[in-house]
Amino acid sequence: MKKKRLLEMPVLELTEKMRKKALSAKPEKKCDWSNEIRYNYNTYFRAAVEKEILRIEVYFTHRIRSGCMRPAYRIFFDKKADDFLTFDMEKQKWTSSRIDNLKWPGSYSNWDDRLYLEREEETCVVDYLGLKSFRDLDYWQYKLREEQRLSAYKRRAEKWDAIMERVPPLPKDWSTWLAKHVISEHYMFYEYKRGGKITGRCSRCGKEQILYKPKYNKTGICKNCRHPVIYKSTGKCGRMWTKRYTAHILQRMDGGVVSRQFHTYAFYPKGCFDKPEISFWEDRRLLLDQNGNEKAYYFGEYKDRMRHWIETDVCQYEPLHYYSNPRHYTEKGMVYKRTLPDLSKNELNRTGIWEAVRSGESFAPEIYLLAVKEKPVIEKAAKAGMGRLAVDLAQSTLDIRLSHIGKLHQCLDIDRNQLKRLRTNNGGSEYLKWLQYEGQGQKKIDDEVIAWFIGNEIEVQQISFIRDRMSPRQVMNYLIKQQKKRTGESCSKVLSAWKDYLNMAEKCRFDVNDPIIYRAADLWKRHDEMVRRMEEQKNEYRVREILEQYPNLNHILASLKEKYGYQDEKYAVVVPENVGDLLHEGDTLHHCVNKTDNSRKLRNF
């Protein structure tokens, strides 16, 4: 429909009968609690077919009574083109909204609430659109818009389908690989009996072996495949499901490479423990073309209409929680190895992903491949035999100093000897941080010390408060000693209590550079004593802190006494004379006069 020609069509004016009805209508309140006015007919409709176009003119009663004889809306229908348009006469704008979404008189009025339309014109509309009644007009528009929407969705989906058709099928051993290398929960099934030999069958390797006094739900090691297993009696356990695991596979496709993400679990039916059902599903794909351009897709509900592969944004970081939405995130998991040797020699020859996978680390190939483009040092690390470091650098959010120019040890900001230690210990990004810290004028930190800190999840910056007084080995020994004095506390919590203790000691004006203070023999005892001291004399320390920040505050408070102080036989206005009085009043009356913000205001008084 051409809008210009539609507007050239003459307006269907109100009939004399309609005009009289509108002018003679008696206004009435809609309800007692509302001042809204309504009439016997709130709207008047005119309809006619001209040049195979149905047009409907809509008039509002309150506009007619105010002297406006123009229609509020002009609605045009073209059945051959399956389309309709509405022109808003007040705003002088075209809209594609359905009739029930237009603005109608009243707060909660529907479009067909108290309308008036001549029977002949109603028949004209019903016959033209093939309706059962005139009030089905909004449903006709809804069905048309829904068909147009679905058609647009299908056109987009066809483009995605054409791309997805290029994805190759899965390898024949895919299910077997998932069962052995991805699903790490394996069981040793046995039939319990009193006396005699008990034979168990491993769910991973499928081989039988003689068991010695197996305990139900206890862990052990399979003698054949050397894999951890859980002992399960076939007569005692029912059906079982394993946890959900993530797996990835990279395959060559027409025009590039695809990285596919799967989730899988194993189900053991009751009585059929030797034949688990391996279920898996795919929910995310990353396509890399020959020029290195990437596009990501996820499988989900598109516009709440159809299950489909949908284009989305690439993922450059790990999800915040385990069960992430594949639309936004990819998850780390085991990577299928058999397709990688050939890909690493051709399409992925400048990524080092084959070396990273051989390290045995679990990671997300999508994040890795995108990180390699921004950090070439990752490829260098992987090809130098440090797959764990390469994976960590790709997925880690740690602030690590890196360079992308020069040899590998120069890129990592360490020397050759440190690089050798990093490779020998199969260190990751945390190990690299400790080596970089060692290179900042520190003495050599033994590998066992670094391993201890990493094992206890203590980072370099966490010991920054004490490193000017104690070496990392001394810190380690001190934490181990203090941890033994309070069972159940981790070394990281001991470190936090130590830092808190030194902060309180500094506020109490102790010499925190004295070894007797900063290396207390009983940290927990000294920490509790310092807490009590701070509680007893908290106002003194707070006064000292405030006066250090605002030195003239006592002088200002003293000057306020002459200005605001007042006393007679009945009343007295007491003005605090110093910061101590201010804090005492705030604590006693539990209000905000002792807050730091008010101290700042008094300084500017």
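All of these numbers come straight from a predicted model, not from anything done at the bench.

A. Region of the structure containing the overall build of the chain. Secondary structure summary: the chain contains 23 helices and 22 strands in total. Taken against the 2.2 N^0.38 rule, which gives 25 Å for 605 residues, the C-alpha radius of gyration of the chain at 39 Å runs more than 25% over that of a compact globule. When the backbone C-alpha atoms are referred to their principal axes, the chain occupies close to 105 × 100 × 65 Å. Here the chain holds 605 residues, and the buried ones make up 43% of them. Expressed as a percentage of contacts within the chain between residues at least 6 apart in sequence, the contacts between residues at least 24 apart total 55%. Here the chain has roughly 35100 Å² of accessible surface; of this, 47% comes from carbon and sulfur atoms.

B. Layout of the sheet that holds strand β6 (residues 83-88). Strand order in the open sheet made by the 6 strands is β7-β6-β5-β4-β3-β8, with mixed pairing throughout. The open sheet has two edge strands, β7 (93-95) and β8 (115-116), and neither has a second partner. Pairing between strand β4 (residues 53-60) and strand β5 (residues 73-78): 5 bridges, direction antiparallel. Following the sheet pairing, Leu54 is matched in β5 by Phe77.

C. Fine view of empty space enclosed by the protein. Counted according to the given criterion, the structure contains 3 cavities of 30 Å³ or more. Taken together, His248, Ser259, Arg260, Gln261, Arg284, Arg285, Leu286, Thr330, Pro365 and Glu366 make up the lining of the largest cavity. Contributing elements (two or more residues each) for the lining of the largest cavity: β16 (256-268), β17 (277-289) and α9 (365-374). Per-class residue counts for the lining of the largest cavity are 2 nonpolar, 4 polar and 4 charged.

D. Quick peek at the sheet that holds strand β9 (residues 187-190). Strand order in the open sheet made by the 5 strands is β11-β10-β9-β13-β12, with mixed pairing throughout. Two strands in the sheet have a free side with no partner beyond their single neighbour: β11 (208-211) and β12 (219-221). Within the sheet, the average angular offset between the axes of one strand and its neighbour, ignoring direction, is 40°.

E. Geometry of the environment of Gly488. Within the secondary structure layout, Gly488 lies in the loop between α16 (472-484) and α17 (491-507). Relative accessible area serves as the criterion here: at 80%, Gly488 is assigned to the exposed category. When the C-alpha positions of Gly488 and Glu121 are compared, they lie 86 Å apart, and in sequence the two are 367 residues distant.

F. Representation of unusual backbone geometry within the structure. The backbone of Lys51 shows a phi angle near 55°, a positive value even though the residue is not glycine. With respect to the helices and strands, Lys51 occurs in the loop between β3 (43-50) and β4. Of note in the backbone geometry, Arg226 takes a positive phi value of approximately 60° without being a glycine.

G. How the structure looks around the packing of aromatic side chains. Taken as a whole and assessed by the stated rule, the structure comprises 35 aromatic pairs. For the pair Phe299 and Trp309, a centre-to-centre distance of 5.4 Å together with 65° between the ring planes defines the contact as edge-to-face. With Phe299 in strand β18 (residues 294-302) and Trp309 in strand β19 (residues 306-312), the pair connects residues that are 10 residues apart, well separated along the chain. For Phe299, a relative accessible area of 30% gives the class partly exposed.

H. Spotlight on the pattern of salt bridges. Counting across every chain of the model gives 28 salt bridges. Here Arg473 and Asp446 are joined by a salt bridge, their closest N and O atoms 2.9 Å apart. With Arg473 in helix α16 and Asp446 in the loop between α14 (429-438) and α15 (447-455), this residue pair connects regions lying 27 residues apart in the sequence. Of the charged contacts in the structure, one is a salt bridge between Asp468 and Arg469, with a shortest N-O distance of 3.2 Å. Here the salt bridges share partners, and the residues they tie into one network are Glu50, Arg55, Glu57 and Arg74.

I. Main features of the side chain of Glu379. Here Glu379 shows up in helix α10 (residues 377-383). Residue Glu379 is classed as buried on the basis of its relative accessible area of 16%. Residues contacting Glu379, with those up to four places away along its chain left out, are Asn349, Arg350, Thr351 and Gly352.

J. Spotlight on the nonpolar core. Residues Tyr368, Leu412 and Trp498 are the most contacted members of the largest nonpolar core, which totals 73 residues. If one sorts the elements of this core by residue count, α17 sits on top with 9 residues. In this view, Leu412 contacts Val377, Leu389, Leu393, Arg401, Leu402, Leu419, Leu422, Leu432 and Gln436; residues no more than four positions away in its chain are not counted. Within the second largest apolar cluster, 26 residues are counted, among which are Phe77, Leu102, Trp104 and Leu137.

K. Region of interest: the packing of α9 against helix α11 (residues 387-395). Relative to each other, α9 and α11 sit at 85°, their axes nearing to 8 Å. Looking at the two axes, α9 sits roughly perpendicular to α11. Of α11, the residues touching α9 (which contributes Ile367, Tyr368 and Ala371) are Ala390, Ala394 and Gln395. Grouping the constituent residues of the contact of α9 with α11 by class yields 5 nonpolar, 1 polar and no charged.

L. Spotlight on a nonpolar patch on the surface. Side chains of Tyr564, Tyr566, Tyr571 and Val573 sit close together on the surface and give an oily, nonpolar patch of about 450 Å² of accessible area. Mapped onto the fold, Tyr566 is located in strand β21 (residues 566-567). Tyr566 sits in the partly exposed class, given a relative accessible area of 45%.

M. Broad picture of the pairing of β3. Looking at chain direction, β3 and β4 are connected through 8 bridges and run antiparallel. In the sheet register, Tyr44 faces β4, and the bridge partner there is Tyr59. Following β3, the chain reverses through 2 residues before pairing antiparallel with β4; Lys51 in that reversal takes a positive phi of roughly 55°. Pairing geometry for β3 and β8, over 2 bridges, is parallel. Each bridged residue has a counterpart across the sheet, and for Tyr44 the counterpart in β8 is Tyr116.

N. Here's a closer look at the environment of Leu419. Within the element layout of this structure, Leu419 appears in helix α13 (residues 416-424). On the basis of relative accessible area, Leu419 is assigned to the buried category, the value being 11%. As for Leu419 and Met386, which are separated by 33 residues in sequence, their C-alpha atoms are 10.0 Å apart. Non-local contacts of Leu419, meaning those with residues more than four positions away in its chain, are made with Met386, Leu408, His409, Leu412 and Ile414.

O. The packing of α14 against α15, seen in detail. Their axes nearest at 10 Å, the elements α14 and α15 cross at an angle of 130°. In terms of orientation, α14 and α15 fall into the oblique class. Of the two elements, α14 crosses α15, and the hand of that crossing is right-handed. Where α14 approaches α15, its residues Glu430, Tyr431, Trp434 and Leu435 are matched on the opposing element by Asp447, Ile450, Phe453 and Ile454.

Criteria and thresholds
Residues numbered from 1 in each chain as written. Predicted model: local features only at pLDDT ≥ 70, side-chain atom pairs only at ≥ 80, totals over all residues. Heavy atoms only, no water. Helix = DSSP H or I, 4+ residues; strand = E, 2+ residues; numbered from the N terminus. Rg over C-alpha atoms; globule rule 2.2 N^0.38 Å. Buried < 20%, exposed > 50% of the residue type's maximum accessible area, 1.4 Å probe, protein only. Contact = heavy atoms within 4.5 Å. Areas by Shrake-Rupley, 256 points an atom, 1.4 Å probe, with all protein chains shown as cover. Pairing = 2+ DSSP bridges. 1 Å grid on protein atoms, 1.4 Å probe; cavity = no way out; pocket = protein on both sides within 12 Å on 5 of 7 lines; lining within 4 Å. Points joined across faces, edges and corners; volume = space filled by probe spheres on them. Nonpolar A, V, L, I, M, F, W, Y, C, P; charged D, E, K, R; others polar. Axes fitted to C-alpha atoms, helices over the stretch in contact; angles between N-to-C directions. Phe/Tyr/Trp six-rings, centres within 6.5 Å; stacked < 30°, edge-to-face > 60°. Salt bridge = Lys/Arg side-chain N within 4 Å of Asp/Glu carboxyl O. Core = buried A, V, L, I, M, F, W, Y, C linked by side-chain atoms within 4.5 Å. Parallel < 35°, antiparallel > 145°, perpendicular 65-115°, else oblique. Patch = residues over 30% accessible without salt bridge, like charges linked within 9 Å, V, L, I, M, F, W, Y side chains within 5 Å. Left-handed = near helix turned anticlockwise from the far one by under 90°.

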